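# Report on the structure
Residue strings, one per chain:
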Amino acid sequence: MAEVRGTPAAGEITDVVSSDGEFLGRGYYNPQSRIAVRVLTWRDEPVDREWWIGRLRRAIESRRHGTAGDDDGDARAERLVNAEGDRLPGLIVDRYGPWVVLQALTLGIERRKLLLAELLRELLSPRGVYERSDVPARDREGLERRAGVLLGETPPQRVAIKEHGLELLVDVRRGHKTGAYLDQRGNRLLVQEHVRRHPRRESLTVLNLFSYSGSFGLHALYAGAARVVSVDSSREALELGEECLRHARLPEDRCELIEGNVFELARDYAAAGRLHDVVVLDPPKFAHGRAQVARAARGYKDVNLHALRCVEPGGLLMTFSCSAAIDPELFGKIVSGALVDSGREAQVLARLQAAPDHPVALTCPEGAYLKGLLLRVH
Ligand code: SAH
């Protein structure tokens, strides 16, 4: 951007024009942000109530075209608005059964969040719209972090949802992200299907590293796996996992939820020869920006090395990175480096990404933060 003409108010709608004054686009303005104007439309059209409800409706309706999770009916959890990916920069809307969760990441959305909550009520008739704007991205926009009810009822501490047939409990008020890692929904289905199809699933073992509430492992149990070990450093997450086990009436004696550091535990398991048929490795974001890529790469390599050594020969490793700063090519190199050091061999069976209700704009490739590899390890 070359210059600011006039005195547009922070958070308000403003035009972007070329050097000869020709209209280019219309968006909302924040002089405090690194991105001064987030363009909402390239057309010379009013951005009013009708405009916002139109965009929301289009995002919601596009989810109705057969994305995974349709079988779960009204109890499903899904992303309804994925910011730039739905041409609504700064706005995340997730649904957990009858509850809607809104995340406002920018000043422009912050200013309109009550309007947006009302429009969502009109479109979805939820029991309540809850705000989970308690994320670090808000700091860069000069906004405070906040969570609380926007309208309707307050959600209970545990919301029951269904994911590919399995009933799960979600903590929308205090859980990670807006309550759960919805982006991994399709990949959890892959694990469920793999176990279901496995010729000897009665003896199949799964190691779920960085498990949060253990959902990858819960899907494996639901599909009939013999034994699941989930590991996370958060006691609260594991407690939620235990509640999920009981709630879904899964065989508790086949599931172990371990509070621990994956870096240490996976190394110890590998050293002790405690191998598993399926290993899931879903670490938190190690790189929060370009400056941290080198350090993060070392972390990913270490933990992938340990995880590879935990796989039973012929078994699977599903490994992920959710750092936007680490692109798929670099991720492939990191895992390949770990493979060489592990002395094992592997084939790529699939390249993985976020569920299709997390669409990505081609103009905003950072949206494709989640990448993964499904490997058969020999
Ligand atoms: N696979 C999960 C999401 C995992 S998010 C799902 O599908 O729901 C990453 C998790 O890693 C978080 O729950 C966080 O508590 C945990 N974590 C972060 N550092 C860790 C460490 N060093 N050891 C174990 N867990 C860790």
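Values in this document were obtained by computation on a predicted structure and should not be read as measured data. (Residues numbered from 1 in each chain as written. Predicted model: local features only at pLDDT ≥ 70, side-chain atom pairs only at ≥ 80, totals over all residues. Heavy atoms only, no water.)

### Remarks on the sheet that holds strand S11 (residues 205-209)
The condition is simple: We treat two strands as partners when DSSP finds at least two bridges between them. We count a stretch as a helix when DSSP gives it H or I for four or more residues in a row; a strand needs E for two or more, and each element gets its number in order from the N terminus. Only C-alpha atoms enter the line fits that serve as axes; for helices the fit covers just the stretch in contact. Angles between N-to-C directions range over 0 to 180 degrees. Contacts are residue-level and defined by heavy atoms, with any inter-residue pair within 4.5 Å sufficient.
Strand order in the open sheet formed by 7 strands is S13-S12-S11-S14-S15-S17-S16, and the pairing between neighbours is mixed. Taken across any chain shown, the strands that pair with only one partner, and hence form the sheet edges, are strand S13 (255-259) and strand S16 (346-353). The mean angle between the axes of side-by-side strands here comes to 15°, regardless of whether they run parallel or antiparallel. Bridge count between S11 and strand S14 (residues 276-281): 4 bridges; the pairing is parallel. Bridged to Leu 207 within S14 is Val 279. Seen against the sheet, helix H6 (residues 235-247) touches strand S12 (227-232) and S13 and runs at an angle of roughly 165° to S13.

### Things to note about the pattern of salt bridges
Opposite charge on two side chains permits pairing when their charged atoms draw close. Put simply, the test is: Counted as salt bridges are all cases of a side-chain nitrogen of Lys or Arg within 4 Å of a carboxyl oxygen of Asp or Glu. Burial classes follow relative accessibility: with a 1.4 Å probe on protein chains only, a residue under 20% of its type's maximum area counts as buried, one over 50% as exposed, and anything between as partly exposed.
Going through the model one piece at a time under the given rule, you end up with 34 salt bridges. For Arg 235, the salt bridge goes to Glu 259, with nearest N and O atoms at 3.1 Å. Here Arg 235 is found in helix H6, whereas its partner Glu 259 is found in strand S13, with 24 residues between them in sequence. Take Glu 259: its relative accessible area is 43%, and that puts it in the partly exposed class. Linking Asp 268 and Arg 267 is a salt bridge whose minimum nitrogen-to-oxygen distance equals 3.7 Å. Looking at Arg 267, the relative accessible area reads 43%, which means it is partly exposed. In this structure, a network of salt bridges that share partners links the residues Glu 110, Lys 113, Glu 131, Arg 138 and Arg 146.

### Topic: the site of the ligand
What counts is decided by this rule: Consider each residue's heavy atoms; a residue with any of them within 4 Å of a molecule or strand counts as near. We define a polar contact as two N or O atoms separated by no more than 3.5 Å, with the added condition that, inside protein, one atom must be a possible hydrogen donor and the other a possible acceptor, whereas residues neighbouring each other in sequence contribute only through side-chain atom pairs. All accessible areas in this document rest on Shrake-Rupley with a 1.4 Å probe, and a residue is counted as covered only by the protein chains that are shown. Residues are grouped as follows: Ala, Val, Leu, Ile, Met, Phe, Trp, Tyr, Cys and Pro are nonpolar; Asp, Glu, Lys and Arg are charged; all remaining types, including Gly, are polar.
Around the ligand, the surrounding shell holds 17 residues, and the nearest of these are Arg 188, Asp 232, Ser 233, Val 262 and Asp 282. Note that an oxygen atom of the ligand is positioned 3.1 Å from one of the side-chain N or O atoms of Ser 215. In the environment of the ligand, a nitrogen atom lies 3.1 Å from a nitrogen or oxygen atom belonging to the side chain of Asn 261. In isolation the ligand exposes 590 Å². Once the protein is present, 88% of that is buried. Class assignment for the residues of the shell around the ligand results in 6 nonpolar, 8 polar and 3 charged.

### Regarding the state of the cysteines
Under the convention used in this document: Only a pair of cysteine sulfur atoms within 2.5 Å qualifies as a disulfide here.
A full pass over the atoms with the stated rule returns 0 disulfides. Take Cys 255: it sits in no disulfide, and the sulfur closest to it among the cysteines is that of Cys 244, at 10 Å. No disulfide involves Cys 364; its sulfur sits 16 Å from the nearest other cysteine sulfur, which is in Cys 322.

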